[in-house]
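As a plain string of letters, each chain reads:
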Amino acid sequence: MQDFTRRTLLQGGTALAATGMLTGPALFEFAKAWAQSAPWKAEPGAKLTVMRWKRFVPAEDDAFNAMVAAFKAATGTEMNVFSESFEDVQPKASVAANTGSGLDLAWGLHTLPQLFPTKVLKMNDVADYLGKKYGGWTDAAAVTCKKDGDWLGIPVATVGGYLTYRKSAVEKAGFKQVPSDFPAYLELCKALKKNNTPAGFALGHATGDANAWVHNILWGHNGWTVDKDDKVIINSPETAKALEYCKALSENFIPGVASWNDSSNNKAFLSGELFLTSNGISIYIAAKDDPSKKDLAEDIDHALWPVGPIGRPTELQLAVPILAFNFTKYPNAAKAFVAFMLEKENFEKWLTGARGYLTHTLNAYDSAPVWTADPKNAVFGQASKRALPASGIGTPGEKAATAIADFIVVDMFANYCTGAKDLKGSMADAERQLKRIYRG
């Protein structure tokens, strides 16, 4: 990571200034005043090593780095921050948890803190401080990070994933907008394929994109991995209907989706091969920022996930919680940094820098300027409130986190949609794996 100093802060940054970020002397002075009054005082000589997922929106990374720099300058805490791909965050956090070294904080995905419930620093005081100050936490975000009443981490944000589409292609297919119900949505995808403007959704190990759309279909048919008592119920008529619907949908996709990762659909959409997919706002941002793609950006819009027979939203959004390991030598500095990240003077500007890629989990940020800065951003502001926890109707804990991390639901859908296994075999395989996770 670049070594940010007070001099760097005072110089400011053109990228941040362009997005309305609190930069330069203002950022430093805020951080200095905050550090003096904060409930947590960084230990003398504190050094924090922080791992985060690799950014998809450069301005978000700029905002995050400026925040880190301000915290370092104001508290004297040495900050070593590095980024990893979505796929590598959980394995590297697991290594740190098992060895008791290497990381102080890990900013990861879904229910990451639940993977190491005995290895994390409890964050009850940080959660209470922020929740009381900023209107409380959204339901799924709180459930994602809590176990037996304790906060195992803090739900920094949600990477909202919704439908990104070409307006012209949808209209040519005979629809004024993306339908909000499953049957009409399938008809849209059929029409898009017929017009050689196909849809495409990841069926490979894409942590964000693949998990999002297959869970929406599974849950939308009232199919679940486990019930409220954590009994495995994946092998069900509801799951069978979800698989059959998904296979009908996938027959209209662009070729190659079975091997897609989280960046594959971005590339296909921006190259003009793909006309409907699920993603964060990053495709739209990339198009807006490329002068050669001005027409594409104008043609892009976003839509909420369609609702299935269950009759209510069943969205799995990508939670991005941060945890501190309990073997850190600097617990006060770790808590101070997490709280500092989510203070309004930082977070509202950070949301602006993320340009809709990150969605707040604290209710006070419903009115953040980013959601009205561009009408095409508005959909993403709903992600945290419409989401279900990654456990569905089950208990959000280590077992549910493992099921997500192991792509059990994704692989079940992929096996059936690609013909690798038949309907019964796909469900039986997922059932067998889930029972191994949930035994005892």
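Structure: above.
All figures in this text were calculated on a predicted structure; none of them were measured in a lab.

Visitor: Tell me about the overall build of the protein chain, and please be specific about residues and values.
Guide: Within the protein chain, the secondary structure is distributed over 21 helices and 11 strands. Here the C-alpha radius of gyration of the protein chain, 22 Å, is about what a compact globule of 440 residues would show, namely 22 Å. Out of the 440 residues belonging to the protein chain, those deemed buried represent 60%. Considering only intrachain contacts with a sequence separation of at least 6, the fraction spanning at least 24 residues in the protein chain is 77%. A total accessible area of about 16,900 Å² is found for the protein chain, and carbon and sulfur atoms account for 50% of it. Both charge centroids of the protein chain, one from 47 positive and one from 46 negative side chains, sit 1 Å from each other.

Visitor: Give a description of the sheet that holds strand β9 (residues 300-303) that names residues and reports values.
Guide: Taken in spatial order, the three strands make up an open sheet running β8-β7-β9, and their pairing is antiparallel. Each having just a single partner strand, β8 (276-279) and β9 make up the two edges of the open sheet. Each neighbouring strand pair of the sheet contributes to a mean axis angle of 30 degrees, computed without reference to strand direction. Two strands pair when backbone bridges link them, and strand β7 (residues 162-166) and β8 are joined in this way by four bridges, in the antiparallel orientation. Its bridge partner lying in β8, L163 is registered against S278.

Visitor: How would you sum up the environment of P155? Please name residues and give values.
Guide: Inspection of the secondary structure assignment puts P155 in strand β6 (residues 154-159). Overall, the relative accessible area of 4% leaves P155 in the buried class. Residues P155 and A319, 164 residues apart in the sequence, show an inter-C-alpha distance of 7.0 Å. For P155, the contacting residues outside a window of four places in its chain are W137, A141, C145, V320, P321 and T361.

Visitor: An account of the packing of aromatic side chains is requested, with residue identities and associated values reported.
Guide: How two aromatic rings sit relative to each other is given by the distance of their centres and the angle of their planes. Summed over all chains, the structure comprises 23 aromatic pairs. Here F64 and W350 contribute two aromatic rings whose centre-to-centre distance is 5.7 Å and whose plane-to-plane angle is 35 degrees, an arrangement assigned as tilted. Residue F64 is found in helix α4 (residues 58-75), and its partner W350 is found in helix α16 (residues 344-354); the two are separated by 286 residues along the sequence. Each member of the pair F64 and W350 is classed as buried.

Visitor: Hey, could you go over unusual backbone geometry for me, with residue numbers and the actual values?
Guide: For N222, which is not glycine, the phi torsion reads 65 degrees and is therefore positive. As for its placement among the helices and strands, N222 is situated in the loop between α10 (209-220) and α11 (237-250). Judged by its relative accessible area of 40%, N222 falls in the partly exposed class. One non-glycine residue with positive phi stands out, namely R355, at about 60 degrees. In this fold, R355 is placed in the loop between α16 and β11 (358-359).

Visitor: Please set out the sheet that holds strand β2 (residues 78-84) residue by residue, giving values where relevant.
Guide: Read across the sheet, six strands follow the order β2-β1-β3-β10-β6-β11 without closing on themselves; strand pairing throughout is mixed. With one partner strand each, in any of the chains shown, β2 and β11 form the two edges of the open sheet. For strand β1 (residues 47-53) and β2, the ladder comprises seven bridges, and the chain directions are parallel. From the neighbouring strand, V50 faces β2, where its bridge partner is V81.

Visitor: Please provide a residue-by-residue account of the pattern of salt bridges, values included.
Guide: Taken as a whole and judged by the stated rule, the model has 19 salt bridges. With a shortest N-O distance of 2.7 Å, E315 and R386 are connected by a salt bridge. Of this pair, E315 sits in the loop between β9 and β10 (318-324) while R386 sits in helix α18 (residues 383-386), and the two are 71 residues apart along the sequence. Each member of the pair, E315 together with R386, is buried. Of the charged contacts, one joins R432 and D429 as a salt bridge, the two residues approaching to 2.9 Å between their closest N and O atoms.

Visitor: Give me the lowdown on helix α6 (residues 124-133), citing residues and values where you can.
Guide: Listed as buried for α6 are V126, A127, L130 and G131. Along the axis of α6, the buried residues cluster in a sector spanning 120 degrees; they form a single face. The secondary structure elements touched by the buried residues of α6 are β5 (150-151), β6 and α15 (331-341). G135 occupies a position one or two residues after α6 and carries a positive phi of about 80 degrees.

Visitor: Describe helix α13 (residues 282-289), naming the residues involved and giving the relevant values.
Guide: Those residues of α13 that sit buried are S282, I283, Y284, I285 and A287. Against β7, α12 (264-270), β8, α14 (294-299), β9 and α16 lie the buried residues of α13.

Visitor: Kindly report on the packing of α6 against α15, identifying the contributing residues and their values.
Guide: Between α6 and α15, the least distance of the axes is 10 Å, while the angle of their chain directions is 25 degrees. Judged on the interaxial angle alone, α15 and α6 are roughly parallel. Considering the relative orientation of α6 and α15, their crossing is right-handed. Of the residues in α15, those in contact with D125, V126, Y129 and L130 of α6 are K335, V338 and A339. Across the contact of α6 with α15, the residue classes break down as five nonpolar, no polar and two charged.

What counts as what
For every chain, the first residue of its written sequence is number 1, and the numbers climb from 1 along that sequence. A pLDDT threshold of at least 70 governs which residues receive local features in this predicted model, and a stricter bar of 80 or more applies before side-chain atom pairs are shown or counted, although totals over entire chains, interfaces and linings include all residues. The side-chain numbers reported here are obtained from all heavy atoms of the structure, hydrogens and water having been left aside. The secondary structure listing takes helices from DSSP runs of H or I that are at least 4 residues long and strands from runs of E that are at least 2 residues long, numbered from the N terminus. To get the radius of gyration, use the C-alpha atoms; to get the globule rule, take the number of residues to the power 0.38 and multiply by 2.2 Å. We call a residue buried when its accessible area falls under 20% of the maximum for its residue type, exposed when it is over 50%, and partly exposed in between, using a 1.4 Å probe and counting protein chains only. Here a residue-residue contact requires only that any non-hydrogen atoms of the pair lie within 4.5 Å. Residue-level accessible areas treat just the shown protein chains as cover; the underlying method is Shrake-Rupley with a 1.4 Å probe. Counted charges follow a simple rule, with Lys and Arg positive, Asp and Glu negative, and His plus the chain ends left uncounted. Where a charge sits is defined by one atom per residue type, namely NZ (Lys), CZ (Arg), CG (Asp) or CD (Glu). Criterion used throughout: strands pair if DSSP finds at least two bridges between them. Comment: axis = line fitted to C-alpha atoms, over the contacting stretch for helices; angle = value between 0 and 180 degrees taken between N-to-C directions. Paired rings are identified among Phe, Tyr and Trp, the last through its six-membered ring, by centres lying within 6.5 Å, and are further divided according to the angle between planes into stacked (under 30 degrees), edge-to-face (over 60) and tilted (the rest). By salt bridge we mean one thing: a side-chain nitrogen of Lys or Arg within 4 Å of a carboxyl oxygen of Asp or Glu. The arc in question is the one spanned by the directions pointing from the helix axis to the C-beta atoms. The cut-offs work like this: below 35 degrees is roughly parallel, past 145 is roughly antiparallel, 65 to 115 is roughly perpendicular, and the gaps in between are oblique. Each helix crossing is assigned a hand: it is left-handed if the near helix lies turned anticlockwise from the far helix by less than a right angle, otherwise right-handed if that turn is clockwise. Each residue gets one of three labels, nonpolar for Ala, Val, Leu, Ile, Met, Phe, Trp, Tyr, Cys and Pro, charged for Asp, Glu, Lys and Arg, and polar for the others, Gly among them.

All quantities given are derived from atomic positions and should not be read as evidence of function.
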